[in-house]
Amino acid sequence: NQALSPVDRITSVAEQIAKGDLAERVPMPAHASAKMDEIGRLAATFNHMISRLQAAFERQKQFTSDASHELRTPLAVMRGDMEIALRRERSPEEYQRVLGSNLEEIVRLTRLIEDLLMLARADSGRVELRCEPVDLNKLCQQMIDYISPLAEQRQQVLNYNSTEADVFINADLQRIKQMLLNLLDNAIKYTEPGGNITLSLKAENNRAVITVADTGRGIPSEDLPHIFERFFRRSAKTSDRSAAGFGLGLSIVKWIVDSHGGQIETESQQGQGTTFVVKFPLMD
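Bear in mind the structure is a predicted one, so any value in this text is a computation, not a measurement.

*Asks:* Mind showing me how you'd approach the overall build of the protein chain here?
*Replies:* Secondary structure assignment for the protein chain yields seven helices and seven strands. Ordered by position from N to C terminus, the α and β elements of the protein chain give α-α-α-α-β-α-β-β-α-β-β-α-β-β. Considering only C-alpha atoms, the protein chain reaches an extent of 80 × 65 × 40 Å along its principal axes. The buried share among the 284 residues of the protein chain stands at 37%.

Laid out in structure tokens, this is it:
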């Protein structure tokens, strides 16, 4: 009985956890020597496993809650607009305004759902990367050309600097495009009209180094550790609706960088701007 009582305690805790109480833990032995025996190691391993399960469960619960909230908001906007429009006869211009507003919300919903599906597939390992040689110099120039009209609308200066003729990495072209567009779009959103955004590329220590720097409002220091978390938004308040988003863009950027064996770093000072530095291994 004395030898098996610790096993009984583990069994009892396991039964409590099976009922849904993930906060429960196996009591650890009081003596240091007992902590190192077979039962002590089993209890420690069991507690570590439950801690990881609890953390994963909490993340999943928070993700579901945030996703539900984000889906509810555009639907509420569309419903409100349509209910008001149907209360009485409206002019063609008013109907057109309501339809235009609803179309904007549908586009936002579509983008949110696509991002959620991509992250869900990434979590389950069902996103396959189709890697091929990618000329980053050419791709960066294409992305600048593609997004420059958005910067021009906000009277911003968008620059591209590269000292390298050929910088090739082995990567999924569409994912790298998505990463660059997310970073550049973020820079434009959080930079005031008249500001500067600079995309740079260089090869250094067998790595391709991509830098996206802006002269925007910057990220508060308390936000920096969380910017790659899903549905996270910066604390800085803004009345600019163009800066509104779902808080998934940087999460997707981080996943793309990690899945290609790269690294991403962030430097920011409030009122002075933000810089993202992405590093990928160069092709041999």
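*Asks:* Would you explain the packing of aromatic side chains in this entry?
*Replies:* What characterises a pair of aromatic rings is the spacing of the ring centres plus the angle enclosed by the ring planes. Taken as a whole, this structure holds one aromatic pair when the rule is applied. Centre to centre, the rings of Phe-228 and Phe-276 are 6.5 Å apart; their planes meet at 70°, and the pair counts as edge-to-face. One end of the pair, Phe-228, is in the loop between strand 5 (207–214) and helix 7 (249–259); the other, Phe-276, is in strand 7 (residues 273–281), with 48 residues separating them in the sequence. On the basis of relative accessible area, Phe-228 is assigned to the partly exposed category, the value being 23%.

*Asks:* What am I meant to see in the sheet that holds strand 4 (residues 196–204) here?
*Replies:* Strands in a sheet are paired, the pairing made by backbone hydrogen bonds, and the direction either parallel or antiparallel. If you walk across this open sheet you meet the five strands as 2-4-5-7-6, and the pairing is mixed. Edge positions in the sheet fall to strand 2 (157–162) and strand 6 (263–269), since each of these pairs with one other strand and no more. Here the strands of the sheet are splayed against their neighbours by 10° on average, with no regard to which way each runs. One ladder, built from eight bridges, connects strand 4 with strand 5; its direction is antiparallel. Its bridge partner being in strand 5, Thr-198 is matched across the sheet by Ala-213. The strands touched by helix 5 (residues 136–153) are strand 2, strand 4 and strand 5; relative to strand 2, the strand with the most contacts, the crossing angle is about 175°.

*Asks:* Looking at this structure, how should I read the side chain of Ser-101?
*Replies:* Within the secondary structure, Ser-101 sits in helix 4 (residues 92–123). The class of Ser-101 is buried, set by a relative accessible area of 18%. Only 2.9 Å separates the side chain of Ser-101 from the side chain of Asp-81, close enough to count as a polar contact.

*Asks:* Help me understand the pattern of salt bridges, please; the structure alone is not making it clear to me.
*Replies:* Should the charged atoms of two oppositely charged side chains come close, the side chains can pair. Across all of its chains, the model carries six salt bridges by this definition. With a closest N to O distance of 2.9 Å, Arg-79 and Glu-83 form a salt bridge. In this pair, Arg-79 and Glu-83 both sit in helix 3 (residues 38–86), four residues apart, roughly one turn of the helix. Judged by its relative accessible area of 57%, Arg-79 is exposed. Residue Glu-83 is classed as partly exposed on the basis of its relative accessible area of 38%. A salt bridge links Glu-192 to Arg-217; the shortest N-O distance between them is 3.0 Å. With Glu-192 in the loop between helix 6 (173–189) and strand 4 and Arg-217 in the loop between strand 5 and helix 7, this residue pair connects regions lying 25 residues apart in the sequence.

*Asks:* Mind showing me how you'd approach the packing of helix 6 against helix 7 here?
*Replies:* Helix packing for two helices is described by the angle between their axes and how far apart those axes are. Closest axis-to-axis distance for the helix 6/helix 7 pair is 9 Å, and the angle between their directions is 145°. The hand of the helix 6/helix 7 crossing is left-handed. Residues Arg-175, Ile-176, Gln-178, Met-179, Asn-182, Leu-183 and Asn-186 of helix 6 lie in contact with helix 7, whose contacting residues are Gly-249, Leu-250, Ile-252, Val-253, Trp-255, Ile-256 and Val-257. Tallied by class, residues from the contact of helix 6 with helix 7 come to nine nonpolar, four polar and one charged.

*Asks:* What should I look at first to understand helix 6 in this one?
*Replies:* Residues lying three or four places apart along an α-helix face the same way, a consequence of the helix completing one turn every 3.6 residues. With 17 residues, helix 6 ought to run about 24 Å at 1.5 Å a step, and its terminal C-alpha atoms sit 24 Å apart, in line with that. Looking only at helix 6, the buried set comprises Ile-176, Gln-178, Met-179, Leu-180, Asn-182, Leu-183, Leu-184, Asp-185, Asn-186, Ala-187, Ile-188 and Lys-189. If you check the start of helix 6, you find a side-chain oxygen 3.1 Å away from the backbone N of Gln-174, and it comes from Asp-172.

*Asks:* Explain unusual backbone geometry here, please?
*Replies:* Residues apart from glycine generally show negative phi values, whereas peptide bonds are mostly found in trans. Here the phi dihedral of Asn-205 falls at roughly 55°; this positive angle occurs in a residue that is not glycine. When its relative accessible area of 69% is taken as the criterion, Asn-205 is described as exposed.

*Asks:* For this particular structure, what's the right way to read the nonpolar core?
*Replies:* One finds Leu-136, Ile-176, Met-179, Leu-180, Leu-199 and Ile-210 to be the most contacted residues of the largest nonpolar core, which totals 48 residues. Judged by nonpolar contacts, the second largest core, of eight residues, contains Val-13, Ile-17, Val-26 and Ala-43.

*Asks:* It is not clear to me how the pairing of strand 5 should be interpreted in this structure. Could you clarify?
*Replies:* On any regular strand, side chains alternate: one points to one face of the sheet, the next to the other face. Of all the eight residues making up strand 5, six are buried; the element is thus mostly covered by neighbouring parts of the structure. The turn joining strand 4 and strand 5, which pair antiparallel and follow one another in sequence, is formed by two residues; a positive phi near 55° is taken by Asn-205. Pairing of strand 5 with strand 7 involves seven bridges; the strand directions are antiparallel. Each residue of the ladder has a partner; that of Val-209, found in strand 7, is Lys-279.

Thresholds applied
- Residues numbered from 1 in each chain as written.
- Predicted model: local features only at pLDDT ≥ 70, side-chain atom pairs only at ≥ 80, totals over all residues.
- Heavy atoms only, no water.
- Helix = DSSP H or I, 4+ residues; strand = E, 2+ residues; numbered from the N terminus.
- Buried < 20%, exposed > 50% of the residue type's maximum accessible area, 1.4 Å probe, protein only.
- Phe/Tyr/Trp six-rings, centres within 6.5 Å; stacked < 30°, edge-to-face > 60°.
- Pairing = 2+ DSSP bridges.
- Axes fitted to C-alpha atoms, helices over the stretch in contact; angles between N-to-C directions.
- Contact = heavy atoms within 4.5 Å.
- Polar contact = N/O pair within 3.5 Å; in protein donor to acceptor, adjacent residues only side chain to side chain.
- Salt bridge = Lys/Arg side-chain N within 4 Å of Asp/Glu carboxyl O.
- Left-handed = near helix turned anticlockwise from the far one by under 90°.
- Nonpolar A, V, L, I, M, F, W, Y, C, P; charged D, E, K, R; others polar.
- Expected span 1.5 Å × (residues − 1).
- Core = buried A, V, L, I, M, F, W, Y, C linked by side-chain atoms within 4.5 Å.

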